[in-house]
Amino acid sequence: MKTWKLVAGILSMIIFFVVTLQSCAAGVVNALEENGGSSGSIGFICGLLILTGGIVSVATRRSEKKSGNIALIILFGLCAIIGLTGYGNYSDLVIWSVWALINVAVAVVALIKKKKDGTETA
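All of these numbers come straight from a predicted model, not from anything done at the bench.

How each quantity is defined
Residues numbered from 1 in each chain as written. Predicted model: local features only at pLDDT ≥ 70, side-chain atom pairs only at ≥ 80, totals over all residues. Heavy atoms only, no water. Phe/Tyr/Trp six-rings, centres within 6.5 Å; stacked < 30°, edge-to-face > 60°. Helix = DSSP H or I, 4+ residues; strand = E, 2+ residues; numbered from the N terminus. Buried < 20%, exposed > 50% of the residue type's maximum accessible area, 1.4 Å probe, protein only. Axes fitted to C-alpha atoms, helices over the stretch in contact; angles between N-to-C directions. Parallel < 35°, antiparallel > 145°, perpendicular 65-115°, else oblique. Left-handed = near helix turned anticlockwise from the far one by under 90°. Contact = heavy atoms within 4.5 Å. Expected span 1.5 Å × (residues − 1). Core = buried A, V, L, I, M, F, W, Y, C linked by side-chain atoms within 4.5 Å. Patch = residues over 30% accessible without salt bridge, like charges linked within 9 Å, V, L, I, M, F, W, Y side chains within 5 Å. Areas by Shrake-Rupley, 256 points an atom, 1.4 Å probe, with all protein chains shown as cover. Salt bridge = Lys/Arg side-chain N within 4 Å of Asp/Glu carboxyl O.

Q: Go over the packing of aromatic side chains with me, naming the residues and quoting the values.
A: Evaluation of the coordinates by the stated rule reveals two aromatic pairs. An angle of 50 degrees between the planes, with centres 6.1 Å apart, marks the rings of Trp4 and Trp99 as tilted. On the criterion of sequence distance, the pair formed by Trp4 in helix α1 (residues 2-33) and Trp99 in helix α4 (residues 93-117) is long-range, its members being 95 residues apart. On the basis of relative accessible area, Trp99 is assigned to the buried category, the value being 14%. Each ring, one from Phe16 and one from Phe17, has its centre 5.2 Å from the other, and the planes form 65 degrees; the classification is edge-to-face.

Q: Which residues make up the packing of α1 against helix α2 (residues 39-59), and what are the values?
A: Axis separation between α1 and α2 bottoms out at 7 Å; the angle between their running directions is 170 degrees. For the element pair α1 / α2, the angle class is roughly antiparallel. The handedness of the crossing between α1 and α2 comes out as left-handed.

Q: An account of the environment of Tyr90 is needed here, citing residue identities and associated values.
A: Within the secondary structure, Tyr90 is located in the loop between α3 (67-85) and α4. For the pair Tyr90 and Val29, spaced 61 residues apart in sequence, the C-alpha to C-alpha distance is 9.5 Å. In contact with Tyr90, not counting residues within four places along its chain, are Val19, Gln22, Ser23, Ala26, Ser39, Gly43 and Trp96.

Q: Give a description of α2 that names residues and reports values.
A: Taking 1.5 Å as the rise per residue, α2 with 21 residues should run 30 Å; its terminal C-alpha atoms sit 30 Å apart, in good agreement. Turning to α2, its buried residues are Ser39, Gly40, Ile42, Gly43, Cys46, Gly47, Leu49, Ile50, Gly53, Gly54, Val56 and Ser57.

Q: Describe the nonpolar core, with residues and values.
A: The biggest cluster of nonpolar side chains holds 21 residues, and the ones touching the most others in it are Ile15, Val19, Ile50, Cys79, Tyr90, Leu93 and Trp96. Secondary-structure elements contributing two or more residues to this core are α1, α2, α3 and α4. If one sorts the elements of this core by residue count, α4 sits on top with six residues. Residues in contact with Ile15, not counting those within four places in the same chain, are Ile50, Trp96 and Trp99.

Q: Outline a nonpolar patch on the surface, supporting the account with residue identities and numerical values.
A: Taken together, the side chains of Leu6, Val7, Ile10, Leu11 and Ile14 make up a nonpolar region of the molecular surface, amounting to roughly 390 Å² of accessible area. Here Leu6 is to be found in helix α1.

Q: Mind laying out the environment of Gly54, listing which residues take part and the relevant values?
A: Locating Gly54 in the fold gives a position in helix α2. Residue Gly54 is classed as buried on the basis of its relative accessible area, which comes to 0%. For the pair Gly54 and Lys114, spaced 60 residues apart in the sequence, the C-alpha separation amounts to 21 Å. Apart from the residues within four sequence positions on either side, Gly54 is in contact with Gly9, Ser12, Met13 and Phe76.

That's the geometry; what it means functionally is another story.
Following this line, the structure appears as structure tokens:
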């Protein structure tokens, strides 16, 4: 799990830049079409949550406590919920929300594995 957290954290930090650029483009499209859409803003919020989750993932990869996994579940879970419910004309946000769901699943598995092992290391 330590390797996954490092790789997922680095990928999440890189994905942040892609999501941010795409969110800006979606925001411009919303403004030009005057459609009242908010998918650009929602994408930016998801990008920030992905960046924060990536940083937490890298920072807590060697942690012996459960709090890192709980924080990852909350951050990536919020991103997935927000992204899947408000993607609007920014359909790529679904892809990034699925990435967040994958990270939630891995964090849940790591949390359950710690409980079954009876240890605090993962």
